[in-house]
Amino acid sequence: RMAWGTAGLLLVSLLVQSCSAFSAPYASVQGVGSSPRTAHLSTSSGRLKPQISHQTRMNLFGGMFGGQGGGAMGTPAGKKVPFGPLQVSEMGIGTWAWGNKLLWGYDESMDAELQEVFNLCVSSGVNLFDTGDSYGTGKLEGQSEKLLGKFMSDYAASNPSKPYPYIATKLATYPWRVTSGSMVAACKASEGRLRRPVDVGQIHWSAANYAPWQEGALWEGLARMKKEGLVQTVGVSNYGPKQLRKVHAYLRDEGVQLASNQIQYSLLSRTVGDEVKEVCDELGITMIAYSPLGLGVLGGRYRKGGTMPSGARGFVLKQKVEEAEPLLAVLQEVAEGRRKTMAQVSINWCMCKGGVPIPGARSLTQARDSLGAMGWRLDRGEVDALDAAARGVKKELVQNIFQTS
């Protein structure tokens, strides 16, 4: 009964996450590539109302902090980010959709472009790819890891002097993984699919909300993976501030450093992330931000009154887009002033908050857009303006059902 109950929770979680990660193709905003100018935003009456120019508004906000724009913030632009004993790129890439036929319509014909996506990202400086042993459906279970293994081998053959990127894989908290040995075995299985050792071994989600007795085995498994040399470092995912402190203390007593905690974090999902970030900073843990485009709402493709995808996802998107329209207007204005896309600004915002975002990329178009978020930072005035607009959105996105306190 416990096994089926947990499996049910897993299925629901996957469906929920399908709406919040690897969402719709990103869209360029109007005016990208043009000079900063006065933006004209639609009012509720449908008439166009001139708004304060991007430059003027940002200078006003920046003045509060001293100097134009107040300077950059967050992780250093174009620099590596401390990640336990590792140094990772300012942005990584998530690979949940690679191999997932049920939710993302994957088939093997996509592999050639996915290889190109991998090659482009690595050659552009991305050295962190996030995956999981549960990524892939049915007979394709573990396919994301298998594809990464193949892509790394093929890339290395053509680029022998280039270092491998780091692979962070999440080991699912299946109900049958109730011993540390089962976690160790799972890590070894991932190593086989990846064709090389795992760099970062992670707990995919905490069992604290439904089977707290399982947590000890998961934590012990992380410690063993590190002590036995199976991984370079370890991390967790969907851990809130309280549970994060507990696992950190356990691993510290075992002589193992906790490198990272991965949570849903974006302009539309801030409250939990801000609380987690405080604890991460205190304990020296890197925060990884998944779903940085918040259900696809922040990518700019969908706007109020526009065409939405069919089905349940379209219904949810329509509601969230309407609620977020004031935020999207500011996001568009910042993007136009920066000559960037709304997606790039949204991802960069996560970096400015000190997180390492891992947007998904199923196509070269998506990959190129995400890569445009690297190498620069919004200034304090721009971040402050986005924060203020985000606070005006009545409801944040629902967190992962396994997210703990």
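Data block above holds the structure.
Our subject in this report is the structure included herewith. On a predicted model such as this, the values are computed, not experimentally measured, just so you know. (Residues numbered from 1 in each chain as written. Predicted model: local features only at pLDDT ≥ 70, side-chain atom pairs only at ≥ 80, totals over all residues. Heavy atoms only, no water.)

1. Describing unusual backbone geometry
Moving on, step 1. Even without a glycine there, the phi angle at Arg195 is positive, about 65 degrees.
Moving on, step 2. The residue Arg195 is located in the loop between helix H6 (180-194) and strand S8 (200-203) in this model.
Moving on, step 3. Of note in the backbone geometry, Asn238 takes a positive phi value of approximately 65 degrees without being a glycine.
Moving on, step 4. Relative to the elements of secondary structure, Asn238 occurs in the loop between strand S9 (233-237) and helix H8 (241-253). (Helix = DSSP H or I, 4+ residues; strand = E, 2+ residues; numbered from the N terminus.)

2. Some remarks on the pairing of S9
Moving on, step 1. In terms of burial, S9 is a largely internal element, five of the five residues being buried.
Moving on, step 2. The side-chain alternation of S9 yields two buried faces, one formed by Thr233, Gly235 and Ser237 and the other by Val234 and Val236.
Moving on, step 3. Sheet topology places S8 next to S9; four bridges connect them, and they run parallel. Bridging across to S9, Gly201 finds its partner in Val234.
Moving on, step 4. The parallel pair S9 and strand S10 (residues 258-264), bridged by H8, forms a crossover whose chirality is right-handed. (Buried < 20%, exposed > 50% of the residue type's maximum accessible area, 1.4 Å probe, protein only. Pairing = 2+ DSSP bridges. Right-handed = clockwise from strand over helix to strand, strands pointing away.)

3. So, the pairing of strand S11 (residues 286-290)
Moving on, step 1. The buried fraction of S11 is high, at five of five residues.
Moving on, step 2. Along S11, one buried face is formed by Thr286, Ile288 and Tyr290 and the opposite face, lined by Met287 and Ala289, is buried too.
Moving on, step 3. The sheet contact formed by S10 and S11 spans five bridges and is parallel. Bridge pairing in S11 places Ser260 opposite Thr286.
Moving on, step 4. Crossover connection from S10 via helix H9 (residues 271-283) to parallel S11: handedness right-handed.
Moving on, step 5. With two bridges connecting them, S11 and strand S12 (residues 356-357) associate as parallel partners. Within the sheet, the bridge partner assigned to Ala289 lies in S12 and is Pro357.

4. Considerations on the state of the cysteines
Moving on, step 1. Throughout the structure, instances matching the rule amount to zero disulfides.
Moving on, step 2. Looking at Cys350, it has no disulfide partner, and the nearest cysteine sulfur is the one in Cys352, 9.2 Å off.
Moving on, step 3. Using a relative accessible area of 0% as the deciding quantity, one classes Cys350 as buried. (Disulfide = S-S within 2.5 Å.)

5. Comments concerning the packing of helix H4 (residues 111-123) against helix H12 (residues 364-371)
Moving on, step 1. Running from N to C, H4 and H12 cross one another at 15 degrees; their axes reach a closest spacing of 9 Å. Looking at the two axes, H4 sits roughly parallel to H12. With respect to the hand of their crossing, H4 and H12 are arranged in right-handed fashion. Between H4 and H12, the contacting residues are Glu113, Glu116, Val117, Leu120 and Cys121 on the first element and Leu364, Ala367, Arg368 and Leu371 on the second.
Moving on, step 2. For the contact of H4 with H12, the residue count by class is six nonpolar, no polar and three charged. (Axes fitted to C-alpha atoms, helices over the stretch in contact; angles between N-to-C directions. Parallel < 35°, antiparallel > 145°, perpendicular 65-115°, else oblique. Left-handed = near helix turned anticlockwise from the far one by under 90°. Contact = heavy atoms within 4.5 Å. Nonpolar A, V, L, I, M, F, W, Y, C, P; charged D, E, K, R; others polar.)

6. With respect to the sheet that holds strand S6 (residues 128-132)
Moving on, step 1. Read from one edge of the open sheet, eight strands run S5-S6-S7-S8-S9-S10-S11-S12, paired in parallel fashion. With partners counted over all chains shown, the strands left at the sheet margins are strand S5 (93-94) and S12, one partner each.
Moving on, step 2. Strand contacts of H8: S9 and S10, with the helix running at about 160 degrees to S10, the strand carrying the most contacts.
Moving on, step 3. Sitting on the sheet, H9 is in contact with S10 and S11, with an inclination near 175 degrees to S10.

7. Structural notes on the nonpolar core
Moving on, step 1. Trp98, Phe118, Phe129, Leu244, Leu378 and Leu386 are the most contacted members of the largest nonpolar core, which has 95 residues in total.
Moving on, step 2. Element by element, the count of residues in this core is highest for helix H10 (residues 311-338), at nine residues. (Core = buried A, V, L, I, M, F, W, Y, C linked by side-chain atoms within 4.5 Å.)

8. A word on H6
Moving on, step 1. Between its first and last C-alpha, H6 extends 21 Å over 15 residues, near the 21 Å set by a 1.5 Å rise per residue.
Moving on, step 2. Among all positions of H6, only Ser180, Ser182, Met183, Val184, Ala186, Cys187, Ser190 and Leu194 are buried.
Moving on, step 3. Buried residues in H6 make contact with helix H5 (143-158), strand S7 (166-171), S8 and helix H7 (215-227).
Moving on, step 4. Following H6 by one or two positions, Arg195 has its phi on the positive side, about 65 degrees. (Expected span 1.5 Å × (residues − 1).)

9. Some remarks on the pattern of salt bridges
Pairing between side chains of opposite charge can happen when their charged atoms approach one another.
Moving on, step 1. Per the stated rule, a full pass over the model turns up 15 salt bridges.
Moving on, step 2. Between Asp133 and Arg177 there is a salt bridge; the shortest N-O distance is 2.8 Å. Separated by 44 residues along the polypeptide, Asp133 in the loop between S6 and H5 and Arg177 in the loop between S7 and H6 bring together distant segments of the chain. In terms of burial, Asp133 and Arg177 fall into one category: buried.
Moving on, step 3. Between Glu396 and Arg270 there is a salt bridge whose closest N-O contact spans 3.4 Å. Taken as a pair, Glu396 in the segment after helix H13 (380-391) and Arg270 in the loop between S10 and H9 lie far apart in primary sequence, 126 residues in all.
Moving on, step 4. On the basis of relative accessible area, Glu396 is assigned to the partly exposed category, the value being 25%.
Moving on, step 5. Assessed through its relative accessible area of 12%, Arg270 is described here as buried. (Salt bridge = Lys/Arg side-chain N within 4 Å of Asp/Glu carboxyl O.)

Any functional reading would require information that these geometric values do not contain.
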